[in-house]
Amino acid sequence: AWAFPLAQAERDALTRSLGLAERVRRRHIAAEVRAQMAFRSWRDGEDGQFEHACLRQGDTPESRTRAALVLCARADDPAQARELALEALASAERARLPSLEVLASIAVAETCAERRGESLERAHGIARDAGWPALSKSILALRASSRDVGILQPFIEVRLRRSRPVRSVASSVQARRQGG
């Protein structure tokens, strides 16, 4: 639902899933749905009461990916943010969930200037192959350094750039040439 962007449909589906998990007394499933709800709020730039639930490391690649993305966005140190983004991508690949692979690829693009093009191309390919036109369009806008990146705006601006503004590839190359 997020990729199309149908935020209310996603919220409704998660709420129904949580209700079902609680009715059948599947605590581990309910916990995972709560974590997904928290991550959805976090991803969308909403600092709600659920955000803290994503910070605990879980036993699944999905929860490890979400936790690494949250910690990446909170890292003040660019090197640490880069490592967490790469960790998120590795976990997302193990999870084999396209939406997490897209977000982790974007986090890598935002924290690793030398991998920006490759990471955004990968994210775009995943979105295109999954049939997510709104997400695909947003990634293309990000690749073109557009100010409006559509449904990715909260994730990029609020989460990944709030504490560490991205340096464009051109400015990174120029800084290296100048020794900075």
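Our structure's up above, just so we're on the same page.
These notes cover the structure that comes with them. (Residues numbered from 1 in each chain as written. Predicted model: local features only at pLDDT ≥ 70, side-chain atom pairs only at ≥ 80, totals over all residues. Heavy atoms only, no water.)

1. Let's talk about the pattern of salt bridges
For step 1, the next point in the chain: Tallied over the entire structure, the rule returns 7 salt bridges.
For step 2, the next point in the chain: Glutamate 114 is the salt-bridge partner of arginine 82, the closest N and O atoms lying 2.3 Å from each other. Highlighted residues: arginine 82 in helix H4 (residues 78-95) and glutamate 114 in the loop between helix H5 (98-111) and helix H6 (116-130), separated in sequence by 32 residues.
For step 3, the next point in the chain: Glutamate 114 gets classed as partly exposed once you look at its relative accessible area, which sits at 46%.
For step 4, the next point in the chain: For the salt bridge of glutamate 101 with arginine 122, the shortest nitrogen-to-oxygen distance reads 2.6 Å. Of this pair, glutamate 101 sits in helix H5 while arginine 122 sits in helix H6, and the two are 21 residues apart along the sequence. (Salt bridge = Lys/Arg side-chain N within 4 Å of Asp/Glu carboxyl O. Helix = DSSP H or I, 4+ residues; strand = E, 2+ residues; numbered from the N terminus. Buried < 20%, exposed > 50% of the residue type's maximum accessible area, 1.4 Å probe, protein only.)

2. With respect to the side chain of threonine 65
For step 1, the next point in the chain: Examined against the element boundaries, threonine 65 turns out to sit in helix H3 (residues 61-74).
For step 2, the next point in the chain: A distance of 2.7 Å separates the side chain of threonine 65 from the backbone oxygen of proline 61, its partner in a polar contact.
For step 3, the next point in the chain: Ignoring any residue separated from it by four or fewer positions in sequence, one finds threonine 65 in contact with Ala88, Ser91, Ala92 and Leu100. (Polar contact = N/O pair within 3.5 Å; in protein donor to acceptor, adjacent residues only side chain to side chain. Contact = heavy atoms within 4.5 Å.)

3. Description of the environment of leucine 14
For step 1, the next point in the chain: Mapping leucine 14 onto the fold places it in helix H1 (residues 7-23).
For step 2, the next point in the chain: Once the C-alpha coordinates of leucine 14 and alanine 30 are considered, the two residues, 16 residues apart in sequence, prove to be 9.9 Å apart.
For step 3, the next point in the chain: With sequence-adjacent residues up to four places away left out, leucine 14 is seen in contact with Val33, Gln36, Met37 and Arg40.

4. Digging into the nonpolar core
For step 1, the next point in the chain: Ranked by size, the top nonpolar core spans 37 residues in total, and within it Val102, Ile106, Leu135, Ile139, Leu152, Ile156 and Leu160 carry the most contacts.
For step 2, the next point in the chain: Only H3, H4, H5, H6, helix H7 (133-143) and helix H8 (153-160) provide two or more residues apiece to this core.
For step 3, the next point in the chain: Considering each element in turn, this core owes the most residues, 8 residues, to H5.
For step 4, the next point in the chain: Residues contacting leucine 160, with those up to four places away along its chain left out, are Cys72, Ala73, Ile106, Ala107, Glu110 and Phe155.
For step 5, the next point in the chain: Counting residues in each nonpolar core, the second largest holds 6 residues, with Ala21, Ala30, Val33 and Met37 among its members. (Core = buried A, V, L, I, M, F, W, Y, C linked by side-chain atoms within 4.5 Å.)

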